[in-house]
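Coordinates in review
Here are the chains, one letter per residue:
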Amino acid sequence: MVRAPAMQDNDLDTSGSVLGRGTRVRGRVVGEGDLRVEGHVEGGVSLTGELVIEEGAEITGDVEAGVVTIAGTLTGDVSARGPVAIRASAKVSGNLGGTEVSLDEGAEFAGRIEADFELPAELQGGRAGGR
Amino acid sequence: MAGTIIGSGITIEGEITSDEEVVVAGTVRGKLSVDGGVTVEGGAVVEADVAAASLSVGGHVTGNVSASDRVDLLTGGRLVGDVKAARLTIADGASFKGNVDMDV
């Protein structure tokens, strides 16, 4: 791997944060950039970038990010500015909000899904109140 | 490779416990208890009591520090708080205010 010679502040890629398998956070995680969680977080997470909850990871608390991918366990609501992906290994209990939500086969999910999307023209109007 | 990296844009308020290496490039407020080594990068801010096997400070740390092995205060690093460690180095250009207990 080639590294830039001037690496005083950049000797590792600190734009991508990782909370490793052996790490537990009790409190809030906020900030800019991406975060990969492999360990445990008890408290909220609020990010501008992408949040990945890896298989084996556990978050208890509400989660807010640009993009959210969940393969681990989440107890709390998700609010994404972009897409939310729930992988097969995930266990999610809470409400999901995002531009689009995908749920893989095998995932456990209890909650509401609120995806903001535009209905295609043929479904708009005329069928209102079709409950 | 480090097990946990708290990137430069990230702030954690609360308690962090870990049994692996932790690199802080962002901000940590609260408490940091690590069985492995802790590296506080230049530009990072830690306002927390830190307990670790070893601690390397290139950024700013405010809080009491205890290390079972060693504490290294690097050039440009700043540590305000009491240090309890078997070994301590303070590099030229580092700032330090606090008491040192080397357990003699």
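An account of the accompanying structure is given in this report. All figures in this text were calculated on a predicted structure; none of them were measured in a lab. (Residues numbered from 1 in each chain as written. Chains lettered and ligands numbered in written order. Predicted model: local features only at pLDDT ≥ 70, side-chain atom pairs only at ≥ 80, totals over all residues. Heavy atoms only, no water.)

Some details on a nonpolar patch on the surface
The criterion, for reference: Here the term patch refers to residues with relative accessible area over 30% and no salt bridge, with like charges joined within 9 Å and nonpolar side chains (Val, Leu, Ile, Met, Phe, Trp, Tyr) within 5 Å. To measure how exposed things are, a 1.4 Å probe is used in the Shrake-Rupley method; for residues, cover is taken only from the protein chains shown. By definition, a salt bridge exists where a carboxyl oxygen of Asp or Glu is found within 4 Å of a side-chain nitrogen of Lys or Arg. Runs of E in the DSSP output that reach at least two residues are strands. Runs of H or I that reach at least four are helices, and both are numbered from the N terminus.
Together, V100, M102 and V104 of chain B line one region of the surface with nonpolar side chains, adding up to about 330 Å² of accessible area. With respect to the helices and strands, the residue V104 of chain B is situated in the segment after β12 (100-101).

Quick look at the side chain of T11 of chain B
What counts, and what does not: Residue burial is assigned from relative accessible area. The probe radius is 1.4 Å, only protein chains are included, and a residue is buried under 20% of its type maximum, exposed over 50%, and partly exposed in between. It only takes one pair of heavy atoms within 4.5 Å for two residues to be counted as in contact.
Within the secondary structure, T11 of chain B sits in strand β2 (residues 10-18). Residue T11 of chain B is classed as buried on the basis of its relative accessible area, which comes to 16%. Excluding anything up to four places from it in sequence, T11 of chain B contacts R28, V29 and V30 of chain A together with T27 and R29 of chain B.

Quick look at the interface of chain B and chain A
What counts here: The term buried area means the drop in 1.4 Å probe accessible area that two parts suffer when joined, counted for both and summed. By the criterion applied in these results, polar contacts are pairs of N or O atoms within 3.5 Å in which, for protein atoms, one can donate a hydrogen and the other can accept it, and in which residues neighboring in sequence qualify only through two side-chain atoms. Three residue categories are used. Nonpolar comprises Ala, Val, Leu, Ile, Met, Phe, Trp, Tyr, Cys and Pro, charged comprises Asp, Glu, Lys and Arg, and polar comprises the others, including Gly. Paired strands are those between which DSSP finds at least two bridges.
Each side of the interface is counted separately: chain B has 22 residues, and chain A has 23 residues. Ranking the residues of chain B by area buried against chain A places I5, I10 and E15 of chain B at the top, with a combined share of 28%. At the boundary of chain B with chain A, the tally comes to 1 salt bridge. The salt bridge involving E15 of chain B is made with R26 of chain A; its shortest N-O contact spans 3.6 Å. Applying the counting rule to chain B against chain A returns 16 residue pairs in polar contact (both at pLDDT 80 or more). Looking at the side of chain B that touches chain A, the elements that each hand over two or more residues are β1 (4-6) and β2 of chain B. Ranked by residues supplied to the side of chain B that touches chain A, first place goes to β2 of chain B with 9 residues. For the side of chain B that touches chain A, the residue count by class is 7 nonpolar, 10 polar and 5 charged. As judged from the 9 bridges shared by strand β2 (residues 23-31) of chain A and β2 of chain B, these two strands associate in the antiparallel manner.

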